Amino acid sequence: MAHRQHRYAVRIDWTGNLGTGTSAYRAYSRDHTLSAGTKPAIPATSDAAFRGDPARWNPEEMLVGALSSCHQLWYLHLCSAAGIVVTGYSDDADGVMEEETDGGGQFTAVVLRPRVTLAPGSDAGRALALHHEAAEKCFIARSVNFPVRHEPEVEVEGGGGGQ
């Protein structure tokens, strides 16, 4: 089967020059915006631990969010293809990044905790199993070098569920 290639163009604009640029560590803001075409811009910054604005998205949150979003989209697709009707989906994802003494660091793990609600009559066991298949297909999870674990919960509306 032929491979298809997809490209993603994103623009970043630093908005944190407070008048003297990067003349000193505390002399500039980490604020920036991410944009892609005509989509709404994403206000971003560094983590608050690195002088970022906690009201803006940071790259670490966006990575965890991308993993959660990718898993959700694959899962919903697989459920739809299997005839399983999902009526609700939420995920409280959590990522761990370890900073090293030299200032570098890396993510060591992400845990996704999707909670799924199914229409009455849906197969909760099959719905639970589809999380594994979604994890195997997620483009983002397949691209990272740390484990992405899953702790899903599935409940059928009106009773019955599984974990």
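Residues numbered from 1 in each chain as written. Predicted model: local features only at pLDDT ≥ 70, side-chain atom pairs only at ≥ 80, totals over all residues. Heavy atoms only, no water.

J.: Honestly, the sheet that holds strand 8 (residues 148-150) in this entry has me stumped. Any pointers?
T.: Within a sheet, each strand pairs with its neighbour through backbone hydrogen bonds, oriented either parallel or antiparallel. Read from one edge to the other, the open sheet built from 3 strands follows the order 5-6-8, with strand pairing classed as mixed. Every other strand in the sheet has two partners, leaving strand 5 (94-99) and strand 8 as the edge strands with one partner each. With strand direction ignored, the average angle separating the axes of adjacent strands in the sheet is 15°. Summarising the sheet, strand 6 (residues 105-112) and strand 8 pair through 3 bridges and their orientation is parallel. In the sheet register, Val110 faces strand 8, and the bridge partner there is Val148. Lying on the sheet, helix 1 (residues 59-81) is in contact with strand 5, strand 6 and strand 8; it crosses strand 6 at an angle near 35°. (Pairing = 2+ DSSP bridges. Helix = DSSP H or I, 4+ residues; strand = E, 2+ residues; numbered from the N terminus. Axes fitted to C-alpha atoms, helices over the stretch in contact; angles between N-to-C directions. Contact = heavy atoms within 4.5 Å.)

J.: What is the right way to look at the pattern of salt bridges in this model?
T.: Here the idea is simple: oppositely charged side chains can pair when their charged atoms come close. Following the criterion strictly, the structure yields 4 salt bridges and no others. Arg56 serves as the salt-bridge partner of Asp31, at 3.4 Å between the closest nitrogen and oxygen. Residue Asp31 is located in the loop between strand 1 (11-14) and strand 2 (32-35), and its partner Arg56 is located in the loop between strand 3 (42-44) and helix 1; the two are separated by 25 residues in the primary sequence. Residues Glu151 and Arg113 are paired through a salt bridge, measuring 3.2 Å at the closest nitrogen-oxygen approach. With Glu151 in the loop between strand 8 and strand 9 (153-156) and Arg113 in the loop between strand 6 and strand 7 (114-118), this residue pair connects regions lying 38 residues apart in the sequence. In this structure Glu151 comes out as partly exposed when scored by relative accessible area, which is 38%. (Salt bridge = Lys/Arg side-chain N within 4 Å of Asp/Glu carboxyl O. Buried < 20%, exposed > 50% of the residue type's maximum accessible area, 1.4 Å probe, protein only.)

J.: Help me understand the pairing of strand 5, please; the structure alone is not making it clear to me.
T.: A regular strand carries its side chains on alternate faces of the sheet. Two elements, strand 5 and strand 6, share 6 bridges in a ladder whose sense is antiparallel. If you follow Glu98 over to strand 6, its bridge partner there is Gln106. Remark: 5 residues form the turn of the hairpin made by strand 5 and strand 6, two consecutive strands paired antiparallel; Gly103 in that turn has positive phi of roughly 100°.

J.: Just checking my understanding: could you explain the domain arrangement of the protein for this structure?
T.: Interface extent is often summarised as the accessible area lost during association of the parts. In terms of domain boundaries, the protein breaks down into domain 1 (11-50) and domain 2 (59-156). Distance between the C-alpha centres of domain 1 and domain 2: 29 Å. Opposite the 7 residues of domain 1 that make contact, domain 2 presents 5 residues. Carbon and sulfur atoms supply 73% of the area buried between domain 1 and domain 2, which totals about 350 Å² over both sides. Between domain 1 and domain 2 we count 0 salt bridges in total. (Domains from an automatic or database assignment. Buried area = accessible area lost by both parts, 1.4 Å probe.)

J.: What is the right way to read a negative patch on the surface from this model?
T.: Judged by side-chain charge, Glu98, Glu99, Glu100 and Asp102 come together as a negatively charged surface patch. Within the element layout of this structure, Glu100 appears in the loop between strand 5 and strand 6. For Glu100, a relative accessible area of 37% translates into the label partly exposed. (Patch = residues over 30% accessible without salt bridge, like charges linked within 9 Å, V, L, I, M, F, W, Y side chains within 5 Å. Areas by Shrake-Rupley, 256 points an atom, 1.4 Å probe, with all protein chains shown as cover. Lys, Arg positive; Asp, Glu negative; His and termini not counted. Charge placed at Lys NZ, Arg CZ, Asp CG, Glu CD.)

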